[in-house]
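Observations on the three-dimensional arrangement
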Amino acid sequence: MSELKNDRFLKALLREPVDRTPVWMMRQAGRYLPEYRERREQAGSFMDLCKNAEFACDVTLQPLERFELDAAILFSDILTIPDAMGLGLYFITGEGPKFEKTIRTAKDVDAINVIDGEKDLGYVMNAVRTIRKELNGRVPLIGFSGSPWTLATYMIEGGSTREFRHIKEFMLTQPEAMHELLDKLADSVISYLNAQILAGAQAVQIFDTWGGVLSGPLYQEFSLNYMKKITAGLLRENEGRRVPVIMFTKGGGQWLPDMAAAGADCLGLDWSTDIGMARQLVGDQVSLQGNMDPSMLFAKPDRIRQEVAYILERFGKGNGHVFNLGHGISQFADPEHAKVFVDAVHELSEPYHK
Ligand code: CP3
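A brief report on the enclosed structure follows. Since we're looking at a predicted model, the values are computed, not measured.

Rules and cut-offs
- Chains are numbered independently. Their residues run from 1 in the order of the written sequence.
- The model is predicted, so local features are restricted to residues of pLDDT at least 70 and side-chain atom pairs to those at 80 or more, both for listing and for counting; the totals for chains, interfaces and linings are taken over all residues.
- In computing side-chain properties, one takes all heavy atoms of the structure into account and sets aside hydrogens as well as water.
- For this description, a residue counts as near a given molecule or strand if any of its non-hydrogen atoms is within 4 Å of it.
- By the criterion applied in these results, polar contacts are pairs of N or O atoms within 3.5 Å in which, for protein atoms, one can donate a hydrogen and the other can accept it, and in which residues neighboring in sequence qualify only through two side-chain atoms.
- Grid points spaced at 1 Å and placed over the protein atoms alone form the basis of the search, with a cavity being a set where a 1.4 Å probe fits but cannot get out and a pocket an open set showing protein on both sides within 12 Å along at least five of seven lines. Lining residues have an atom within 4 Å of a point.
- Occupancy of a cavity or pocket is assigned to a molecule whenever over half of its atoms lie within 2 Å of that pocket's grid points.
- Polar here means any residue other than Ala, Val, Leu, Ile, Met, Phe, Trp, Tyr, Cys and Pro, which are nonpolar, and Asp, Glu, Lys and Arg, which are charged; Gly is therefore polar.
- Geometry of aromatic contacts follows a simple scheme: Phe, Tyr and Trp rings, the Trp one being its six-membered ring, pair when their centres are within 6.5 Å, and the pair is stacked under 30 degrees between planes, edge-to-face over 60, tilted otherwise.
- Helical segments are the DSSP runs of H or I of at least four residues, strand segments are the runs of E of at least two, and each set is numbered from the N terminus.
- In this scheme, a residue with accessible area under 20% of its type's maximum is buried, one over 50% is exposed, and one in between is partly exposed, where area comes from a 1.4 Å probe on protein chains only.
- The contact definition used throughout considers only heavy atoms, calling two residues in contact when any of these lie within 4.5 Å.
- Grid points are joined across faces, edges and corners, and a volume is the space filled by probe spheres set on the points.
- One less than the number of residues in a helix, times 1.5 Å, gives the span that helix is expected to have.

So, about the site of the ligand. Around the ligand, a shell composed of 21 residues is seen, among which Arg31, Tyr36, Asp77, Thr209 and His327 lie nearest. At 2.8 Å, a backbone N or O of Arg27 approaches an oxygen atom of the ligand. Contact between the ligand and Arg40: an oxygen atom at 2.9 Å from a side-chain N or O atom of the residue. Mapping the ligand onto the cavity grids shows that it belongs to the largest pocket. Broken down by class, the residue content of the shell around the ligand amounts to 13 nonpolar, 4 polar and 4 charged.

See below:
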C-alpha cells in the first residue's frame, strides 16, 4: 500500500499535533454535486451506484477534485446491512429509503441472521479496495456503519419516520426481543467494519443518527451499550497504524461524558452543542469532530467564514479537532459555498496549531 501523503485527519483523531485543522463533510459525495447527479442517472438507481465499484469509487473522489478535503468517505449507505439481512431495501425519490419487509415481532427477530461483512457485502469491500487504490495515498479513507439503534429504527419502521412510534413501542413492550435484535446488529456491524478495515478503510465512523430521540437511561441501554460492544470488537490497528473510531450521536450533546468512556477515539458533534463546552466535558479522553450547522452553507461567503472562525475559537488552541458540519450537507447547498467552508478551515486554523 502506498505512503499516506496527508495524514492530518488521522493525527487529529488521535490528538496528535497537525499544521492545520483537517476538514471533511458528512455526505460530501451526493446530490448537491451536478457530477454526482449525472453518475447517479447513469447507474440507474442509488443501489446500483453503490454496487458498482468503479462508480462508487468515482463519486467518492468527486468532492476531492473540487475541494481540499483531508479525508475521503466510502460511498455507500448505512442500510446495506439490513438489505443483506434480507429486508429488501429500495428508494423512492422524495420519500427516502424503504424496506419490503419490516421487523415487528420476536419471531421476525429470530429469523434474522448476523451477517458476514466480506461474504454478504462483498460489493462494499470491492468499493473500498478500488477507492484505496485510486486514492493512491492522497488522503485517508473513512469506512462507516450505522449504529445498531439507528439501523433498527429503519428495520422496524420500514423507512424514515418522525415519530418513532413502532420502534419505541417495540422497545417498551418487547425489550428482550429488542435487545436480541440490537445484539445481532452489533455483531453484524463488527464484522462489517472489520471487513472494511481489512479492505483498506483507515478510520471508521459509527452513525447514530437517531440516538438523540431517546431519553438518557434508554439511550444508554438501547444505543450506547451496543456501540460499546462494537468499539470493543473492532480491529484497532492495521497496516502498522491505529485505526481510529468516530462515534456520532446526533442530539447526544448532553451525554458526552458517557460517550467519551465508550471506547471511541473521537466523538462527532452536531451543531446544537458548543464545541468549547464539549471539549471541557471530555477533557483529553477523546478528540472532537464538528460542528458547523449545515444550513450555514446557505449564508453568504463572509458569514460562512465568520462561523468557521467562531468554531475554531470556541475549540481553542491545541490538538484533537477535526472540522466538519454538524450533520450531512444539504442537497440544496451551493458547491461554491462548500469550497468557501473548506478553504476557510485551512486558512483560519493555522494560528491554533502554533
Ligand atoms: O458521506 C458520504 O458522502 C458517503 C455516503 C453516505 C450516504 N449515506 C450516501 C447517500 C453516507 C455516509 C450515508 C449515511 C446514511 N444513510 C445515514 C447516516 C448519516 C445521516 O445523514 O445521519 C442515514 C440515516 C442513511 C439512510 C439514508 N440513505 C437516507 C435517509 C437516505 C435518503 C436521504 C435523502 O435525502 O433522500 C439515503 C440515501 C442516500 N445515501 C443518498 C446518498 C448520497 C441520496 C440518494 C440518491 O442519490 O438518490
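From this point, things continue past the structure.
Here we come to the packing of aromatic side chains. On inspection of all chains with the given rule, the structure shows 8 aromatic pairs. Centroid distance Phe46 to Phe91: 4.8 Å. Interplanar angle 70°. Geometry classified as edge-to-face. Of this pair, Phe46 sits in helix 3 (residues 46-51) while Phe91 sits in strand 2 (residues 89-92), and the two are 45 residues apart along the sequence. On the accessibility criterion, Phe46 (12% relative accessible area) is buried. A relative accessible area of 31% places Phe91 in the partly exposed class. Residues Phe144 and Phe207 carry aromatic rings whose centres are separated by 5.7 Å and whose planes lie at 90° to one another, so their mutual orientation is edge-to-face. With a gap of 63 residues between them, Phe144 in strand 4 (residues 141-146) and Phe207 in strand 5 (residues 203-208) connect regions that are remote in the sequence.

Looking at the secondary structure, you find Gly268 in strand 9 (residues 266-268). Distance from Gly268 to Gln289, taken between C-alpha atoms, is 4.5 Å for residues 21 residues apart in sequence. Setting aside chain neighbours within four positions, we find Gly268 in contact with Ile246, Met247, Phe248, Thr249 and Gln289.

This part covers the layout of surface pockets. In this structure, the largest pocket spans a volume of roughly 1,600 Å³. Lining the largest pocket are 45 residues, and of these Arg27, Arg31, Asp77, Phe91 and Pro97 lie nearest its centre. For the lining of the largest pocket, the elements supplying multiple residues, two or more each, are helix 2 (34-43), helix 3, strand 2 and strand 3 (96-99). For the lining of the largest pocket, the element with the most residues is helix 2, which contributes 4 residues. Classifying every residue of the lining of the largest pocket gives 22 nonpolar, 15 polar and 8 charged.

Here we take up helix 8 (residues 122-135). Here helix 8 contains 14 residues, and its C-alpha end-to-end distance of 20 Å stays within 8% of the 20 Å for a straight helix at 1.5 Å per residue. The buried count for helix 8 comes to 10 of 14 residues, which makes it a mostly enclosed element. Those residues of helix 8 that fall on the buried side of the exposure criterion are Gly122, Tyr123, Val124, Met125, Ala127, Val128, Thr130, Ile131, Arg132 and Leu135. A positive phi of about 55° marks Asn136, the residue just after helix 8.

Without other data, these values stay purely geometric and don't point to any function.
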